[in-house]
Amino acid sequence: MNEDSSAKKELAAVKGTKDILPGEVEKWQSLEVLARTTFELYGFRELRAPVFEATELFEKGTGATSDVVTKEMYTFTDKGGRSLTLRPEYTPSVVRAIIEHRLDLEGSPMRYYYMGPMFRYDKPQKGRYRQFHQVDIEVFGEKDAAVDAEIIEMAHALLGKLGVAGTETLVNSVGCRACRPAYSSALREAAAKRKSELCADCQRKAETNPLRIFDCKVEACREVAASFPSIQDFLCQECQDHFRALLACLDVLKIPFRVDPRLVRGLDYYTKTTFEIVSSGLGAQNALLGGGRYDDMMKDFGGPDICGTGFAMGIERVLSIAELVPPQKKTLYLAYLGDEAKKAALELARFFRSYGVECLVEYKDRGMKAHFGRANKLQAAWVLIVGENELKSGHFGLKDMATGRQVDGPREELLALLRES
Ligand code: AMP
(Lines give C-alpha, C1' and ligand atoms only; values in the text may rest on other atoms or scores of the structure.)
Protein backbone atom coordinates (compact mmCIF):
# COMPACT_ATOMS: atom_id res chain seq x y z
CA MET A 1 0.00 0.00 0.00
CA ASN A 2 1.45 3.37 -0.90
CA GLU A 3 1.39 6.35 1.45
CA ASP A 4 -1.49 7.96 -0.35
CA SER A 5 -3.91 5.05 -0.14
CA SER A 6 -3.04 4.29 3.49
CA ALA A 7 -3.80 7.91 4.40
CA LYS A 8 -7.15 7.61 2.60
CA LYS A 9 -7.96 4.43 4.47
CA GLU A 10 -7.20 5.98 7.84
CA LEU A 11 -9.53 8.85 7.12
CA ALA A 12 -12.46 6.74 5.96
CA ALA A 13 -15.70 6.56 7.99
CA VAL A 14 -15.54 3.86 10.67
CA LYS A 15 -16.84 0.41 9.66
CA GLY A 16 -20.58 0.14 10.13
CA THR A 17 -21.16 3.91 9.99
CA LYS A 18 -22.02 6.06 7.02
CA ASP A 19 -22.38 9.64 5.91
CA ILE A 20 -25.78 10.86 4.88
CA LEU A 21 -25.02 13.25 2.08
CA PRO A 22 -27.07 15.94 0.33
CA GLY A 23 -29.14 14.13 -2.25
CA GLU A 24 -30.00 11.44 0.30
CA VAL A 25 -30.49 13.63 3.36
CA GLU A 26 -33.67 15.20 1.91
CA LYS A 27 -35.41 11.84 2.38
CA TRP A 28 -34.29 11.77 6.01
CA GLN A 29 -35.64 15.26 6.51
CA SER A 30 -38.99 14.31 4.93
CA LEU A 31 -39.22 11.25 7.15
CA GLU A 32 -38.44 13.34 10.22
CA VAL A 33 -41.14 15.88 9.37
CA LEU A 34 -43.72 13.16 8.68
CA ALA A 35 -42.84 11.31 11.90
CA ARG A 36 -43.08 14.47 13.99
CA THR A 37 -46.42 15.56 12.54
CA THR A 38 -47.86 12.05 12.80
CA PHE A 39 -46.84 11.56 16.43
CA GLU A 40 -48.12 14.95 17.44
CA LEU A 41 -51.54 13.99 16.04
CA TYR A 42 -51.57 11.28 18.71
CA GLY A 43 -50.50 13.60 21.53
CA PHE A 44 -46.79 12.67 21.66
CA ARG A 45 -44.08 15.18 22.63
CA GLU A 46 -40.39 15.03 21.95
CA LEU A 47 -37.98 14.01 24.70
CA ARG A 48 -34.25 14.30 23.90
CA ALA A 49 -31.84 12.35 26.09
CA PRO A 50 -28.01 12.23 25.87
CA VAL A 51 -26.22 9.96 23.43
CA PHE A 52 -24.25 8.27 26.22
CA GLU A 53 -25.34 7.09 29.62
CA ALA A 54 -23.92 5.18 32.58
CA THR A 55 -23.27 1.59 31.43
CA GLU A 56 -25.32 0.31 34.34
CA LEU A 57 -28.46 1.86 32.88
CA PHE A 58 -28.43 -0.53 29.93
CA GLU A 59 -27.21 -3.51 31.95
CA LYS A 60 -30.19 -3.02 34.21
CA GLY A 61 -32.72 -1.86 31.63
CA THR A 62 -31.90 -3.66 28.39
CA GLY A 63 -31.03 -6.76 30.38
CA ALA A 64 -27.82 -8.49 31.35
CA THR A 65 -28.50 -11.61 29.25
CA SER A 66 -29.59 -9.82 26.06
CA ASP A 67 -27.31 -9.99 23.00
CA VAL A 68 -27.26 -6.20 22.94
CA VAL A 69 -25.68 -6.00 26.40
CA THR A 70 -23.48 -9.09 26.28
CA LYS A 71 -22.01 -8.52 22.82
CA GLU A 72 -22.92 -5.24 21.22
CA MET A 73 -22.37 -2.28 23.50
CA TYR A 74 -19.93 0.52 22.80
CA THR A 75 -18.63 0.86 26.34
CA PHE A 76 -15.69 2.99 27.37
CA THR A 77 -14.13 4.48 30.47
CA ASP A 78 -14.01 8.26 30.46
CA LYS A 79 -11.18 10.34 31.87
CA GLY A 80 -12.94 10.43 35.23
CA GLY A 81 -12.92 6.61 35.39
CA ARG A 82 -16.68 6.23 34.78
CA SER A 83 -17.97 3.39 32.65
CA LEU A 84 -20.13 4.93 29.93
CA THR A 85 -22.00 3.41 26.98
CA LEU A 86 -23.19 4.88 23.71
CA ARG A 87 -26.90 4.11 23.86
CA PRO A 88 -27.78 0.89 22.02
CA GLU A 89 -31.49 1.68 22.39
CA TYR A 90 -33.59 4.49 23.77
CA THR A 91 -36.13 3.14 26.26
CA PRO A 92 -33.84 2.96 29.33
CA SER A 93 -32.87 6.63 28.79
CA VAL A 94 -36.54 7.67 28.79
CA VAL A 95 -37.20 5.68 31.96
CA ARG A 96 -34.21 7.32 33.63
CA ALA A 97 -35.36 10.79 32.52
CA ILE A 98 -38.89 10.23 33.84
CA ILE A 99 -37.56 9.15 37.24
CA GLU A 100 -34.89 11.86 37.37
CA HIS A 101 -37.27 14.71 36.51
CA ARG A 102 -40.35 13.17 38.18
CA LEU A 103 -42.23 13.58 34.91
CA ASP A 104 -44.81 11.15 36.28
CA LEU A 105 -46.01 13.89 38.64
CA GLU A 106 -47.31 15.77 35.60
CA GLY A 107 -49.88 12.97 35.18
CA SER A 108 -50.29 9.85 33.09
CA PRO A 109 -50.21 8.73 30.39
CA MET A 110 -46.92 10.21 29.25
CA ARG A 111 -46.26 10.03 25.53
CA TYR A 112 -42.80 10.72 24.13
CA TYR A 113 -41.03 10.40 20.82
CA TYR A 114 -37.47 10.80 19.67
CA MET A 115 -35.33 10.35 16.56
CA GLY A 116 -31.61 9.86 16.63
CA PRO A 117 -28.58 7.57 16.39
CA MET A 118 -28.15 4.31 18.33
CA PHE A 119 -24.95 2.27 18.53
CA ARG A 120 -24.46 -1.48 18.47
CA TYR A 121 -21.30 -3.44 17.80
CA ASP A 122 -23.10 -5.78 15.45
CA LYS A 123 -21.76 -7.46 12.32
CA PRO A 124 -22.26 -4.82 9.61
CA GLN A 125 -24.27 -5.97 6.59
CA LYS A 126 -27.07 -4.69 4.41
CA GLY A 127 -29.66 -3.16 6.76
CA ARG A 128 -27.44 -3.52 9.81
CA TYR A 129 -25.04 -0.82 10.92
CA ARG A 130 -23.03 0.06 14.01
CA GLN A 131 -24.37 3.57 14.09
CA PHE A 132 -27.95 3.36 12.94
CA HIS A 133 -30.93 5.60 13.52
CA GLN A 134 -34.24 4.98 15.16
CA VAL A 135 -37.53 6.71 15.54
CA ASP A 136 -38.62 5.76 19.04
CA ILE A 137 -41.97 6.25 20.76
CA GLU A 138 -42.93 5.49 24.34
CA VAL A 139 -46.17 5.61 26.34
CA PHE A 140 -45.96 5.32 30.12
CA GLY A 141 -48.82 4.94 32.54
CA GLU A 142 -51.45 3.30 30.30
CA LYS A 143 -52.05 -0.39 30.89
CA ASP A 144 -55.03 -0.79 28.56
CA ALA A 145 -54.27 -2.97 25.52
CA ALA A 146 -56.08 -0.32 23.44
CA VAL A 147 -52.97 1.85 23.60
CA ASP A 148 -50.82 -1.00 22.24
CA ALA A 149 -53.23 -1.21 19.30
CA GLU A 150 -53.19 2.58 18.93
CA ILE A 151 -49.39 2.73 18.62
CA ILE A 152 -49.40 -0.15 16.13
CA GLU A 153 -51.98 1.82 14.14
CA MET A 154 -49.81 4.96 14.48
CA ALA A 155 -46.85 3.00 13.07
CA HIS A 156 -49.03 1.95 10.13
CA ALA A 157 -50.17 5.53 9.59
CA LEU A 158 -46.55 6.69 9.44
CA LEU A 159 -45.43 3.86 7.16
CA GLY A 160 -48.38 4.69 4.88
CA LYS A 161 -47.30 8.34 4.64
CA LEU A 162 -43.75 7.18 3.89
CA GLY A 163 -45.03 5.07 1.01
CA VAL A 164 -43.99 1.77 2.55
CA ALA A 165 -46.16 -1.07 1.27
CA GLY A 166 -46.04 -4.85 1.56
CA THR A 167 -45.71 -5.05 5.33
CA GLU A 168 -46.85 -7.72 7.73
CA THR A 169 -47.66 -7.11 11.39
CA LEU A 170 -46.70 -9.86 13.83
CA VAL A 171 -48.04 -9.84 17.37
CA ASN A 172 -47.57 -11.98 20.44
CA SER A 173 -47.73 -11.91 24.20
CA VAL A 174 -44.68 -12.93 26.23
CA GLY A 175 -46.63 -13.11 29.47
CA CYS A 176 -45.68 -11.53 32.76
CA ARG A 177 -43.73 -12.36 35.90
CA ALA A 178 -46.62 -14.50 37.09
CA CYS A 179 -46.84 -16.81 34.06
CA ARG A 180 -43.47 -16.63 32.31
CA PRO A 181 -41.42 -18.65 34.85
CA ALA A 182 -43.50 -21.76 34.10
CA TYR A 183 -42.96 -21.19 30.38
CA SER A 184 -39.22 -20.67 30.86
CA SER A 185 -38.99 -23.98 32.76
CA ALA A 186 -40.90 -25.76 30.00
CA LEU A 187 -38.53 -24.23 27.45
CA ARG A 188 -35.47 -25.15 29.49
CA GLU A 189 -36.68 -28.73 29.64
CA ALA A 190 -37.41 -28.83 25.91
CA ALA A 191 -34.02 -27.23 25.10
CA ALA A 192 -32.15 -29.63 27.39
CA LYS A 193 -33.57 -32.60 25.47
CA ARG A 194 -32.21 -31.28 22.17
CA LYS A 195 -29.15 -29.46 23.49
CA SER A 196 -26.69 -31.23 21.18
CA GLU A 197 -28.55 -29.88 18.11
CA LEU A 198 -28.19 -26.25 19.26
CA CYS A 199 -25.30 -23.89 18.52
CA ALA A 200 -22.86 -23.12 21.36
CA ASP A 201 -24.53 -19.78 21.99
CA CYS A 202 -27.99 -21.34 22.31
CA GLN A 203 -26.62 -24.10 24.56
CA ARG A 204 -25.60 -21.32 26.93
CA LYS A 205 -28.94 -19.51 26.47
CA ALA A 206 -30.77 -22.79 27.23
CA GLU A 207 -29.50 -22.42 30.77
CA THR A 208 -29.44 -18.64 31.27
CA ASN A 209 -32.46 -17.36 29.34
CA PRO A 210 -34.11 -19.96 27.08
CA LEU A 211 -36.46 -17.40 25.47
CA ARG A 212 -33.44 -15.91 23.73
CA ILE A 213 -33.07 -19.11 21.64
CA PHE A 214 -35.92 -17.77 19.49
CA ASP A 215 -33.69 -14.85 18.45
CA CYS A 216 -31.00 -17.14 16.99
CA LYS A 217 -30.51 -16.88 13.24
CA VAL A 218 -28.83 -20.32 12.88
CA GLU A 219 -31.14 -22.48 10.76
CA ALA A 220 -30.65 -25.64 12.90
CA CYS A 221 -31.55 -23.70 16.04
CA ARG A 222 -34.63 -22.25 14.38
CA GLU A 223 -35.80 -25.71 13.41
CA VAL A 224 -35.33 -26.99 16.95
CA ALA A 225 -37.04 -23.89 18.40
CA ALA A 226 -40.05 -24.48 16.13
CA SER A 227 -40.80 -27.65 18.13
CA PHE A 228 -40.67 -25.87 21.51
CA PRO A 229 -43.86 -25.26 23.48
CA SER A 230 -45.82 -22.09 22.65
CA ILE A 231 -46.05 -19.29 25.18
CA GLN A 232 -49.68 -18.86 24.22
CA ASP A 233 -50.42 -22.08 26.15
CA PHE A 234 -48.83 -20.68 29.32
CA LEU A 235 -50.39 -17.21 29.61
CA CYS A 236 -52.17 -16.42 32.87
CA GLN A 237 -55.76 -15.16 32.76
CA GLU A 238 -54.71 -11.51 32.95
CA CYS A 239 -52.24 -11.86 30.07
CA GLN A 240 -54.74 -13.83 28.00
CA ASP A 241 -57.38 -11.14 28.51
CA HIS A 242 -54.91 -8.39 27.65
CA PHE A 243 -53.85 -10.17 24.48
CA ARG A 244 -57.45 -10.80 23.43
CA ALA A 245 -58.25 -7.13 23.99
CA LEU A 246 -55.27 -6.14 21.84
CA LEU A 247 -56.44 -8.33 18.96
CA ALA A 248 -60.00 -6.97 19.26
CA CYS A 249 -58.72 -3.36 19.06
CA LEU A 250 -56.54 -4.21 16.05
CA ASP A 251 -59.69 -5.55 14.38
CA VAL A 252 -61.53 -2.32 15.18
CA LEU A 253 -58.67 -0.35 13.64
CA LYS A 254 -58.63 -2.71 10.62
CA ILE A 255 -54.96 -3.59 11.05
CA PRO A 256 -54.28 -7.03 9.56
CA PHE A 257 -51.97 -9.05 11.79
CA ARG A 258 -50.59 -12.54 12.35
CA VAL A 259 -50.08 -14.03 15.80
CA ASP A 260 -46.52 -15.35 15.97
CA PRO A 261 -45.99 -17.28 19.21
CA ARG A 262 -42.20 -17.26 18.64
CA LEU A 263 -42.00 -13.47 18.62
CA VAL A 264 -40.17 -12.83 21.89
CA ARG A 265 -37.89 -9.98 20.70
CA GLY A 266 -34.25 -9.55 21.59
CA LEU A 267 -34.49 -7.51 24.79
CA ASP A 268 -35.15 -8.85 28.25
CA TYR A 269 -37.73 -6.46 29.54
CA TYR A 270 -40.86 -7.21 27.54
CA THR A 271 -44.09 -8.19 29.30
CA LYS A 272 -47.40 -9.06 27.63
CA THR A 273 -47.54 -7.46 24.15
CA THR A 274 -44.71 -7.80 21.64
CA PHE A 275 -44.99 -6.86 17.98
CA GLU A 276 -42.97 -6.36 14.84
CA ILE A 277 -43.76 -4.93 11.44
CA VAL A 278 -41.73 -6.74 8.81
CA SER A 279 -41.36 -6.11 5.11
CA SER A 280 -41.19 -8.52 2.22
CA GLY A 281 -39.10 -5.90 0.38
CA LEU A 282 -36.09 -6.36 2.68
CA GLY A 283 -33.66 -9.24 2.80
CA ALA A 284 -32.55 -11.05 5.96
CA GLN A 285 -32.92 -7.91 8.08
CA ASN A 286 -36.65 -7.65 7.42
CA ALA A 287 -37.87 -5.94 10.63
CA LEU A 288 -38.88 -2.34 10.03
CA LEU A 289 -39.88 -1.76 13.60
CA GLY A 290 -40.40 -3.64 16.79
CA GLY A 291 -41.85 -2.98 20.17
CA GLY A 292 -44.07 -4.09 22.97
CA ARG A 293 -44.85 -3.57 26.59
CA TYR A 294 -42.44 -3.22 29.53
CA ASP A 295 -44.61 -2.94 32.57
CA ASP A 296 -41.91 -3.65 35.17
CA MET A 297 -39.03 -1.54 33.90
CA MET A 298 -39.74 1.69 35.77
CA LYS A 299 -40.31 -0.17 39.04
CA ASP A 300 -37.14 -2.23 38.51
CA PHE A 301 -35.19 1.01 38.21
CA GLY A 302 -36.40 2.04 41.65
CA GLY A 303 -38.99 4.43 40.18
CA PRO A 304 -42.76 4.47 40.54
CA ASP A 305 -44.76 1.42 39.48
CA ILE A 306 -45.72 2.72 36.03
CA CYS A 307 -46.22 0.49 33.01
CA GLY A 308 -44.81 1.27 29.56
CA THR A 309 -45.29 0.41 25.91
CA GLY A 310 -43.66 1.60 22.69
CA PHE A 311 -41.71 0.80 19.56
CA ALA A 312 -38.50 1.65 17.74
CA MET A 313 -38.37 1.94 13.96
CA GLY A 314 -35.14 1.63 12.01
CA ILE A 315 -34.78 4.70 9.79
CA GLU A 316 -32.21 3.19 7.37
CA ARG A 317 -34.38 0.13 6.77
CA VAL A 318 -37.56 2.13 6.26
CA LEU A 319 -35.87 4.58 3.90
CA SER A 320 -34.42 1.75 1.84
CA ILE A 321 -37.96 0.83 0.74
CA ALA A 322 -39.89 4.09 1.27
CA GLU A 323 -41.44 5.70 -1.78
CA LEU A 324 -40.65 9.22 -0.65
CA VAL A 325 -40.49 12.16 -2.98
CA PRO A 326 -38.96 15.06 -1.07
CA PRO A 327 -40.41 18.47 -1.99
CA GLN A 328 -38.64 20.01 -4.97
CA LYS A 329 -36.35 22.90 -4.02
CA LYS A 330 -37.05 26.19 -5.87
CA THR A 331 -33.85 28.16 -5.96
CA LEU A 332 -33.36 31.65 -7.35
CA TYR A 333 -29.90 32.09 -8.89
CA LEU A 334 -28.67 35.68 -9.10
CA ALA A 335 -26.68 36.36 -12.26
CA TYR A 336 -24.81 39.63 -12.00
CA LEU A 337 -22.36 41.41 -14.29
CA GLY A 338 -19.62 43.56 -12.78
CA ASP A 339 -18.67 44.80 -9.36
CA GLU A 340 -21.57 47.16 -8.71
CA ALA A 341 -24.07 44.51 -9.77
CA LYS A 342 -22.38 41.99 -7.44
CA LYS A 343 -23.07 44.29 -4.47
CA ALA A 344 -26.62 44.82 -5.65
CA ALA A 345 -27.08 41.05 -6.00
CA LEU A 346 -25.88 40.57 -2.44
CA GLU A 347 -28.54 43.01 -1.21
CA LEU A 348 -31.25 41.63 -3.50
CA ALA A 349 -30.58 38.14 -2.16
CA ARG A 350 -30.98 39.46 1.41
CA PHE A 351 -34.31 41.00 0.37
CA PHE A 352 -35.69 37.86 -1.29
CA ARG A 353 -34.47 35.56 1.48
CA SER A 354 -36.19 37.69 4.10
CA TYR A 355 -39.43 36.67 2.33
CA GLY A 356 -38.49 32.99 2.30
CA VAL A 357 -37.09 32.66 -1.22
CA GLU A 358 -34.02 30.41 -1.39
CA CYS A 359 -31.25 32.37 -3.18
CA LEU A 360 -27.81 31.53 -4.48
CA VAL A 361 -25.15 34.12 -5.26
CA GLU A 362 -21.72 32.92 -6.31
CA TYR A 363 -18.82 35.34 -5.99
CA LYS A 364 -17.03 34.46 -9.14
CA ASP A 365 -17.00 36.81 -12.13
CA ARG A 366 -18.86 35.17 -14.97
CA GLY A 367 -20.38 36.22 -18.23
CA MET A 368 -24.17 35.85 -18.61
CA LYS A 369 -23.85 32.61 -20.58
CA ALA A 370 -21.63 31.08 -17.91
CA HIS A 371 -24.12 32.20 -15.22
CA PHE A 372 -26.94 30.41 -17.04
CA GLY A 373 -24.79 27.30 -17.45
CA ARG A 374 -24.10 27.30 -13.73
CA ALA A 375 -27.77 27.93 -12.85
CA ASN A 376 -28.69 24.95 -15.01
CA LYS A 377 -26.14 22.76 -13.30
CA LEU A 378 -27.48 23.79 -9.90
CA GLN A 379 -31.01 23.09 -11.13
CA ALA A 380 -32.13 26.57 -10.16
CA ALA A 381 -35.81 27.23 -10.82
CA TRP A 382 -35.26 30.87 -11.73
CA VAL A 383 -32.46 33.25 -12.67
CA LEU A 384 -32.52 36.92 -11.70
CA ILE A 385 -30.58 39.06 -14.14
CA VAL A 386 -28.70 41.91 -12.47
CA GLY A 387 -26.75 43.91 -15.07
CA GLU A 388 -25.79 47.56 -15.44
CA ASN A 389 -29.06 48.56 -17.14
CA GLU A 390 -31.09 46.73 -14.53
CA LEU A 391 -29.23 48.59 -11.79
CA LYS A 392 -30.02 51.92 -13.37
CA SER A 393 -33.68 51.18 -14.06
CA GLY A 394 -34.40 49.24 -10.86
CA HIS A 395 -36.16 46.67 -13.08
CA PHE A 396 -34.68 43.18 -13.11
CA GLY A 397 -35.23 40.23 -15.41
CA LEU A 398 -36.64 37.05 -13.87
CA LYS A 399 -36.28 33.98 -16.03
CA ASP A 400 -38.23 30.80 -15.38
CA MET A 401 -35.70 28.08 -16.21
CA ALA A 402 -38.33 25.43 -16.97
CA THR A 403 -40.33 27.47 -19.52
CA GLY A 404 -37.69 29.99 -20.61
CA ARG A 405 -40.23 32.76 -20.01
CA GLN A 406 -38.84 36.07 -18.78
CA VAL A 407 -40.61 38.81 -16.83
CA ASP A 408 -39.10 42.23 -16.10
CA GLY A 409 -40.04 44.42 -13.18
CA PRO A 410 -39.09 45.94 -9.84
CA ARG A 411 -38.08 43.53 -7.08
CA GLU A 412 -41.43 43.72 -5.22
CA GLU A 413 -43.33 42.62 -8.34
CA LEU A 414 -40.89 39.78 -8.96
CA LEU A 415 -41.19 38.72 -5.33
CA ALA A 416 -44.97 38.43 -5.77
CA LEU A 417 -44.41 36.20 -8.81
CA LEU A 418 -41.87 34.03 -6.98
CA ARG A 419 -44.14 33.58 -4.02
CA GLU A 420 -47.13 32.68 -6.19
CA SER A 421 -45.39 29.86 -8.05
P1 AMP B 1 -34.66 -3.23 18.29
O2 AMP B 1 -34.31 -2.03 19.13
O3 AMP B 1 -33.58 -4.25 18.22
O4 AMP B 1 -36.00 -3.76 18.62
O5 AMP B 1 -34.77 -2.68 16.79
C6 AMP B 1 -35.82 -1.86 16.35
C7 AMP B 1 -35.59 -1.56 14.89
O8 AMP B 1 -34.36 -0.84 14.72
C9 AMP B 1 -35.40 -2.79 14.00
O10 AMP B 1 -36.66 -3.26 13.59
C11 AMP B 1 -34.59 -2.26 12.86
O12 AMP B 1 -35.42 -1.62 11.91
C13 AMP B 1 -33.72 -1.23 13.53
N14 AMP B 1 -32.37 -1.77 13.84
C15 AMP B 1 -31.99 -2.49 14.92
N16 AMP B 1 -30.67 -2.77 14.89
C17 AMP B 1 -30.20 -2.20 13.76
C18 AMP B 1 -28.90 -2.11 13.15
N19 AMP B 1 -27.82 -2.66 13.71
N20 AMP B 1 -28.79 -1.44 11.96
C21 AMP B 1 -29.88 -0.87 11.37
N22 AMP B 1 -31.11 -0.91 11.91
C23 AMP B 1 -31.28 -1.57 13.08
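Now for a description of the structure that goes with this document. (Residues numbered from 1 in each chain as written. Predicted model: local features only at pLDDT ≥ 70, side-chain atom pairs only at ≥ 80, totals over all residues. Heavy atoms only, no water.)

**Here's the deal with the side chain of Thr273**
Within the element layout of this structure, Thr273 appears in strand β9 (residues 271-279). In terms of polar contacts, Thr273 uses its side chain to reach the side chain of Asp148, at 2.6 Å. When neighbours within four sequence positions are excluded, Thr273 is seen to be in contact with Asp148, Asn172, Ser173, His242, Leu246, Gly291, Gly292 and Arg293. (Helix = DSSP H or I, 4+ residues; strand = E, 2+ residues; numbered from the N terminus. Polar contact = N/O pair within 3.5 Å; in protein donor to acceptor, adjacent residues only side chain to side chain. Contact = heavy atoms within 4.5 Å.)

**Some words on helix α14 (residues 368-377)**
Those residues of α14 not exposed but buried are His371, Phe372 and Ala375. Down the axis of α14, the smallest arc covering the buried residues is 95 degrees, so these residues share one side. Along α14, the residues that are exposed and aim more than 90 degrees away from the buried face are Lys369, Asn376 and Lys377. Against β12 (331-336), β14 (382-386) and β15 (396-400) lie the buried residues of α14. The first or second residue beyond α14 is Gln379, which carries a positive phi of 55 degrees. (Buried < 20%, exposed > 50% of the residue type's maximum accessible area, 1.4 Å probe, protein only. Arc of directions from axis to C-beta.)

**Looking at the pairing of strand β11 (residues 308-314)**
For a regular strand, side chains alternate in direction, first toward one face of the sheet and then toward the other. Most of β11 sits inside the fold, with seven of its seven residues counted as buried. Burial along β11 is two-sided: the residues Gly308, Gly310, Ala312 and Gly314 and Thr309, Phe311 and Met313 are all buried. For strand β10 (residues 287-293) and β11, the ladder comprises five bridges, and the chain directions are antiparallel. Paired with Gly291 across the strands is Phe311, a residue of β11. (Pairing = 2+ DSSP bridges.)

**Things to note about the site of the ligand**
Residues in close proximity to the ligand total 13 residues, the closest being Arg120, Tyr129, Gln134, Arg265 and Ala287. One of the backbone N or O atoms of Tyr129 is found 2.9 Å from a nitrogen atom in the ligand. Between the ligand and the protein, one listed contact pairs an oxygen atom with a backbone N or O atom of Gly314 at 3.3 Å. For the ligand, whose unbound accessible area comes to 480 Å², protein coverage reaches 90%. Of all elements in the fold, only β6 (131-140), β10 and β11 reach the threshold of two or more residues within the shell around the ligand. Per element, the largest residue contribution to the shell around the ligand is three residues, and it comes from β10. (Near = heavy atom within 4 Å. Areas by Shrake-Rupley, 256 points an atom, 1.4 Å probe, with all protein chains shown as cover.)

**Some thoughts on the state of the cysteines**
Tallied over the full model, the rule gives zero disulfides. Considering cysteine sulfurs only, Cys202 is the nearest to Cys216, which forms no disulfide, with 3.6 Å between them. There is no disulfide at Cys239, and the cysteine sulfur nearest it, in Cys176, is 3.6 Å away. (Disulfide = S-S within 2.5 Å.)

**Focus: the nonpolar core**
With 49 residues, the main nonpolar core has Leu47, Ile98, Phe140, Ile213 and Phe228 as its most contacted residues. When near neighbours in sequence (up to four residues on either side) are disregarded, Leu47 contacts Tyr90, Val94, Ala97, Leu103, Tyr112, Tyr113 and Tyr114. (Core = buried A, V, L, I, M, F, W, Y, C linked by side-chain atoms within 4.5 Å.)

**Here we look at a nonpolar patch on the surface**
A cluster of nonpolar side chains, namely Val51, Phe52 and Phe76, defines an oily patch on the protein surface of about 250 Å² accessible area. When its relative accessible area of 33% is taken as the criterion, Phe76 is described as partly exposed. (Patch = residues over 30% accessible without salt bridge, like charges linked within 9 Å, V, L, I, M, F, W, Y side chains within 5 Å. Salt bridge = Lys/Arg side-chain N within 4 Å of Asp/Glu carboxyl O.)

**Let's talk about the sheet that holds strand β2 (residues 52-54)**
Backbone-to-backbone hydrogen bonds pair the strands of a sheet. The strands run either parallel or antiparallel. Pairing in this open sheet of three strands is antiparallel, and the strands run β2-β4-β3 from one edge to the other. Of all the strands in the sheet, the pair left with one neighbour each is β2 and β3 (74-77). Mean inter-strand twist for the sheet, computed between neighbouring axes without regard to direction, equals 35 degrees. (Axes fitted to C-alpha atoms, helices over the stretch in contact; angles between N-to-C directions.)

**Some points on the environment of Asp19**
Mapping Asp19 onto the fold places it in the loop between α1 (3-10) and α2 (25-41). For Asp19, a relative accessible area of 55% puts it in the exposed group. Separated by 143 residues in the primary sequence, Asp19 and Leu162 place their C-alpha atoms 22 Å from one another. Contact partners of Asp19, with chain neighbours within four places excluded, come to Ala13 and Glu24.

**Some remarks on the sheet that holds strand β1 (residues 45-46)**
Pairing within the open sheet is mixed, and its eight strands lie in the order β1-β5-β6-β11-β10-β9-β7-β8. Edge positions in the sheet fall to β1 and β8 (258-259), since each has one partner strand and no second. Contacting β7 (167-173), β8, β9 and β10, helix α10 (residues 237-252) crosses the sheet at an angle of about 160 degrees to β7.

**Concerning helix α9 (residues 219-226)**
Side chains that are three or four residues apart share a direction in an α-helix, a result of its 3.6 residues per turn. Along α9, the positions that sit buried rather than exposed are Cys221, Val224 and Ala225. Summarising the axial view, the buried residues of α9 lie within an arc of 100 degrees, below the 170-degree limit, and thus occupy one face. Of the exposed residues in α9, those oriented more than 90 degrees away from the buried face are Glu219, Glu223 and Ala226. Against the buried residues of α9 lie α8 (200-208).

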